Amino acid sequence: MKKMFLFLILLFMLAIISRAGAVTITVDDDVEGAIYKSIQNAVDNATDGDTILVYPGNYTENVYVDKELKILSLSGNPADTVIRAANSENDVFSVVADNVTISGFSITGARIDQYGDDKAGIYFEGVNNSIIKNNNFSSNGYGISLLDSYNNILADNSAYMSTIGGIFLWNSSKNKVDNNLINAIKHQGIFIYTFSNNNEISNNTVNYSRSGIDLVYCENNTIVNNTISNTFSGILLIESNCSSLINNVVKLNDWSGIDLEYSAENTLYNNTASFNNNNGIYLVESSDNRLDHNNASNNMGYGININNSSRNNILTGNIANSNGKENIHVVDPENNTINGSANSPAQELPFRGFVLAIIAITTIALIFRKRGYK
């Protein structure tokens, strides 16, 4: 027992010494007053828990991070601390350690490697509990790319002119992607792919991309308070289930505002899908979804379009007005449920005349039946 007690004291003392040993290391491309000239030299000579402060300047390097570090620009202003890839066939920052923070940089110049794979401004592989915040990404394959990474925060970043995508998550779950601005991307603004589950995608703005937010082969993600415009497809789910789309604004997109394909048990609540060139909300072979209190108005095609082989969807309290074709179009109305709501104007129903006729016939029958009992 005494040996165990002494062992615990030793561990406690080592932990204190380790924390006390964390230092701040400075980097300056002009060397004046700083310890290192390059970020990579600082990383190589740092230990877990250290902070690396980078002075304003232009740094041409690819940085490999295999320690638990905070790498911060001194000013906090990405515009004055630029990291450009020395080798465009590698990621600018490649991170393989947990508990890493990268903040306050302009990051550029990662393109395509010899195998044709697009490289990223910041790439996480097997990284957990880390933060990418307040960075500007431009002219990379991807702005940010995560593989097999969990419980990370990607917040307050901007990505411009990426070859493939702004933010890419692959087999990465329980991450928070919040308040990022993505503009002029050739493919996906935010791409959540294959077994990337339980992520929160919130408060992001995507403009002028091939697509805004894509979920493919994923489950249980939350997409909330995002604004998507001037893309081909605003929010797209393909074979993605049990997710929630809440309070998003999707407008001025070439195809549909919100598009569900082969996707089930999703909830669409209080989204605005307007002024899109085809559908506001479009379901293709997607069943068991709930569409509650969405506004799908002023679209060139249909407001809400429930296509064939889409069954057991429930539509409640949606508003669909002034659309180019039909406001609500349901190919298979017998196998979908369309209700109004006491808290909002009743949605426009397909086949209104038929429904009114049934109501009138039923009312007349009840009147005559009542008189007969007298």
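A brief look at the structure comes next. (Residues numbered from 1 in each chain as written. Predicted model: local features only at pLDDT ≥ 70, side-chain atom pairs only at ≥ 80, totals over all residues. Heavy atoms only, no water.)

Time to look at a negative patch on the surface. On the surface, Asp-44, Asp-48, Asp-66 and Glu-68 cluster together to form a negatively charged patch. If you trace the backbone, Asp-48 turns up in the loop between α2 (39-45) and β2 (51-54). (Patch = residues over 30% accessible without salt bridge, like charges linked within 9 Å, V, L, I, M, F, W, Y side chains within 5 Å. Areas by Shrake-Rupley, 256 points an atom, 1.4 Å probe, with all protein chains shown as cover. Salt bridge = Lys/Arg side-chain N within 4 Å of Asp/Glu carboxyl O. Lys, Arg positive; Asp, Glu negative; His and termini not counted. Charge placed at Lys NZ, Arg CZ, Asp CG, Glu CD. Helix = DSSP H or I, 4+ residues; strand = E, 2+ residues; numbered from the N terminus.)

Note that Asn-248 resides in the loop between β24 (244-246) and β25 (249-251). Residue Asn-248 is classed as buried on the basis of its relative accessible area of 0%. Here Asn-248 is in contact with Ile-223, Val-224, Asn-225, Asn-226, Ile-235, Asn-270, Asn-271 and Thr-272, once residues within four sequence places are set aside. (Buried < 20%, exposed > 50% of the residue type's maximum accessible area, 1.4 Å probe, protein only. Contact = heavy atoms within 4.5 Å.)

Counting buried positions over the six residues of strand β10 (residues 120-125) gives five, a clear majority of the element. As defined by bridge partners, β10 adjoins strand β13 (residues 142-147) across five bridges and the pair is classed as parallel. Bridge pairing links Tyr-123 to Ser-145 in β13. (Pairing = 2+ DSSP bridges.)

Membership of the largest hydrophobic core comes to 66 residues, with the highest contact counts inside it found for Ile-52, Ile-71, Phe-93, Ile-190 and Ile-235. When residues in this core are grouped by element, the largest group, four residues, is from strand β18 (residues 181-193). Those residues in contact with Ile-71 that lie beyond four places of it in its chain are Ile-39, Val-43, Ile-52, Val-54, Val-65, Phe-93, Thr-101, Ile-102, Ser-103 and Phe-105. Formed by seven residues, the second largest nonpolar core is a distinct cluster that contains Tyr-123, Tyr-142, Ile-164 and Val-216. (Core = buried A, V, L, I, M, F, W, Y, C linked by side-chain atoms within 4.5 Å.)

With respect to the secondary-structure elements, Asn-226 resides in the loop between β21 (222-224) and β22 (227-229). When its relative accessible area of 0% is taken as the criterion, Asn-226 is described as buried. With 19 residues separating them in the primary sequence, Asn-226 and Leu-245 have C-alpha atoms 9.4 Å apart. The residues touching Asn-226, leaving out its near neighbours within four places in the chain, are Ile-201, Ser-202, Asn-203, Asn-204, Ile-213, Asn-247, Asn-248 and Val-249. Side-chain polar atoms of Asn-226 contact the backbone oxygen of Val-224, separated by 3.1 Å. (Polar contact = N/O pair within 3.5 Å; in protein donor to acceptor, adjacent residues only side chain to side chain.)

Burial analysis of strand β16 (residues 165-170) places five of its six residues in the buried class, which makes it a mostly covered element. Pairing of β13 with β16, which is carried by five bridges, proceeds in the parallel orientation. The residue of β16 that forms the bridge with Ile-144 is Ile-167. With five bridges connecting them, β16 and β18 associate as parallel partners. Bridge assignment links Gly-165 to a residue of β18, and that residue is Gln-188.

A few words on the environment of Gly-280. Position of Gly-280 among the secondary structure elements: in strand β29 (residues 279-284). Gly-280 gets classed as buried once you look at its relative accessible area, which sits at 0%. As for Gly-280 and Asn-323, which are separated by 43 residues in sequence, their C-alpha atoms are 8.8 Å apart. Beyond its immediate sequence surroundings of up to four residues, Gly-280 is in contact with Ser-256, Gly-257, Ile-258, Ala-273, Ala-296, Asn-299, Tyr-302 and Gly-303.

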